[in-house]
Amino acid sequence: MVSNSFWIVGTSRSGKTTRLAQQFCDWVQQNDNQDIESFYPKNQNRKQAKSAIKTANLLQTEPGALVLASNDDNRRLLTDKIVTLTSGKYPIRAKTTLGFIQDEVILFWPLLVESLQIKAQFPVRLRPETEQELATKLWNYQLDAETLRRAGVNEYRLVRRILDLWQLAAYSGTDCEDIAGILQTGLPENTNNLEPEFFTSLLLDWRNWCLERGLLTYGLITELYHQHLLTNSDYQQHLKKRYQMIIADDVDDYPAIAYHLFEFLLNAGAVGAFSYNLDGGVRWGLGADPEYLNRLAKRCQVEKLVSFPEANLAETLVQPMIELVTEPMTILSLPKSVKCIQTASRAQLLRQITDVIINGIKTGKIEPEEIAIIAPGLDAIARYSLIEILTKQNIQVEALNEQRPLISSPAVRALLTLISLVYPNLGRLVERDEVAEMLVVLSHSHTNDGEDGEKKEFPQPKIDPVRAGLIADHCFVPHPENPHLLNIKTFERWDRIGYTATTAYNEILGWIEKQKTEVQENVIYTPVNLLYQAMQKFLCKDHHPPFPTLAALRELLETAQHYWEIDTRLKQTITNSTIQNNTIAEFIQLLRCGTITANPYPIRPIGKAKKAITLATIFQYRASHRDHKWHFWLDAGSPLWAKGGAATLFGATLFLQDRLGKPWTAADEQAAETQRLRRIIADLLARVSQTVYLCHSDLAVNGQEQMGPLLPLVHACDVIEN
């Protein structure tokens, strides 16, 4: 019997997403025709029948199709294609796999409350950084110095490793109680000096602690959905009624539990269309199980899509490149479409890369948006150097998912210093230099007009760094409980500060004193309100901050709101102001650890693409599904190319369904690295259409010689003369 479902296989840029969108259109068109035919005998006016069906579709809240994508960028891309092809006639609700699971757990929480016999309260999701902090506190007495010494890692890494094990187990559909058995059989004795039962004991305590308080982590959400919700008969009936179609893009990046969801819907009579990238598996080692998802192909009609050779370099370069990498002694020369930029030091390499880019753009050979710089690991020095040099030439650079720590924003640091001066007992978190920086950042002029009469995007501060330093030296009084600022006239030579700076300082000082009074009178209930008012008063009044600053401010507000939401859940019966101040101190210290980043949305620009060079790691670039005319493969001699630009989570290979609990040997690791390198080369070549520049320096940023797996490629192509 021929299946009505489709398994669409192809490489990158072969049209898999478009084919999925077209299949959705075909199915809904067939449904429309069937509805019209069944409606037509009752109503002889066929035109009216079509109109009635169209109206019903528009009023429909659930489209009957489960549309999934591997990440949020691809979700938007798939949604755009479906909406374009259907002219927006049909409502769709596209989600990432984990986004769908999270929504289902929250939507059907009453079923879980009933089946698990837990307290009925609305669930609150924990962010990873909050999960890390709370788990560390819960396990504090068990993670003593001796335990950390035996583990061989610091407390932060060990807690993250344990939480990741739970997430990996949940992705694979493994019970938390079974983690110890898998680690026992899969890890060599010398890999970890801690007993596997110790990990399981900690995780069970953490799981019960979260359930008692209605807190949801990614691991708990995933486990609840697979172990308790998907097996619930009431939920199964709802699922059957809601979804008769499945559209899933890039299932090679889905966790194993997605297979069980798809299998259930297919068994219930739904039709599915799944796309599978032969060179994908970007999230392998991070929870994805492409081999297990590939079993769905047996239940579908298989369609193999072929990419267009003229649209990329994969057709001509994949075979010789892979042959050179896997057999280094092979004597081959690569075509002219592959060039090499080779220097002794990395600093020289970065300068020569930018020279080639600047020359190409200024001579009209290429546009900035047609260039991508891709690295296995993008360090801060390379990122800063490339952006600084190119920006000075009026060439914009877009760093994909940069994830700079939130504390790296001067505006965020200034606001944290500000709340430390408003709330009591936070004096140990305030230093003189931080106060000086706060005065500079919060005194930006709101009336600094340009020559054309329009307000400048980067207004100048009314208090410059020198005056801010003088004020901090003479007017800041450090104190553990009550740090404060004095009147400007306390400084004997306050006249040297100047009228403009004095006015700005008095404005800041007056605002702080007013907020202190309101805090004492309980007018301001949470620091979230204070942060918002400070942003409105000093950073966003009468002018628009640059986009990176605005993104950091929004992330700070969202983080603070989340933090106090969790704090409220944990301390509903505690009203002690000392506890409140401890929470503020913990919040500031959490941000200063650098674990929270600002990720502005929308990631993709609205309208035309931004005229900027793309700067990304291998993982980020492949996950974003972009393509360019020119590729610059940075640090071509780095050994990190075999790692795919992303670290494999501890124990990830033990939870793959085809080898569940089997030891991961050195031979397995070698084979996996070779296979991953093949996929990376093929995938990147499918995303470049003109030229690949292999960028290699003899010495890495740490001064060591680079002898990575792509080195044979460097020796097999022409070197660009300096």
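This structure is a prediction, so every number in the text was calculated from the model and none was measured.

1. A look at the overall build of the chain
Part 1 of the reasoning: The secondary structure content of the chain amounts to 27 helices and 17 strands.
Part 2 of the reasoning: Burial statistics for the chain: of 722 residues in total, 52% are counted as buried.
Part 3 of the reasoning: Intrachain contacts of the chain at a sequence separation of at least 6 include 79% that bridge at least 24 residues.

2. A look at the sheet that holds strand S17 (residues 718–719)
Part 1 of the reasoning: The strand order across the open sheet built from seven strands is S11-S14-S10-S15-S16-S9-S17, with neighbouring strands paired in parallel fashion. The sheet terminates laterally at strand S11 (397–399) and S17, the two strands that pair on one side only.
Part 2 of the reasoning: Across four bridges, the pairing between strand S10 (residues 371–375) and strand S14 (residues 613–617) is parallel. By the bridge assignment for S14, Ala 372 is matched with Thr 614.

3. Quick notes on the pattern of salt bridges
Part 1 of the reasoning: In the structure shown here, the tally under the stated rule is 34 salt bridges.
Part 2 of the reasoning: One salt bridge in this structure joins Arg 160 and Glu 131, with 3.6 Å as the shortest N-O distance. Taken together, the residues Arg 160 in helix H8 (residues 155–172) and Glu 131 in helix H6 (residues 128–138) connect sequence positions 29 residues apart.
Part 3 of the reasoning: One salt-bridge network, in which partners are shared between bridges, spans Arg 127, Glu 129, Arg 554, Glu 555 and Glu 558.

4. Focus on the sheet that holds strand S8 (residues 301–304)
Part 1 of the reasoning: Pairing is parallel across the open sheet formed by six strands, whose spatial order is S3-S2-S6-S7-S1-S8. Looking at the sheet topology across the chains shown, the edges are occupied by strand S3 (94–96) and S8. Strand-to-strand twist of the sheet, defined as the mean angle between neighbouring strand axes without regard to direction, takes the value 20°.
Part 2 of the reasoning: Two strands pair when backbone bridges link them, and strand S2 (residues 65–69) and strand S6 (residues 245–248) are joined in this way by four bridges, in the parallel orientation.

Here is what the cut-offs are and how they apply
Residues numbered from 1 in each chain as written. Predicted model: local features only at pLDDT ≥ 70, side-chain atom pairs only at ≥ 80, totals over all residues. Heavy atoms only, no water. Helix = DSSP H or I, 4+ residues; strand = E, 2+ residues; numbered from the N terminus. Buried < 20%, exposed > 50% of the residue type's maximum accessible area, 1.4 Å probe, protein only. Contact = heavy atoms within 4.5 Å. Pairing = 2+ DSSP bridges. Salt bridge = Lys/Arg side-chain N within 4 Å of Asp/Glu carboxyl O. Axes fitted to C-alpha atoms, helices over the stretch in contact; angles between N-to-C directions.

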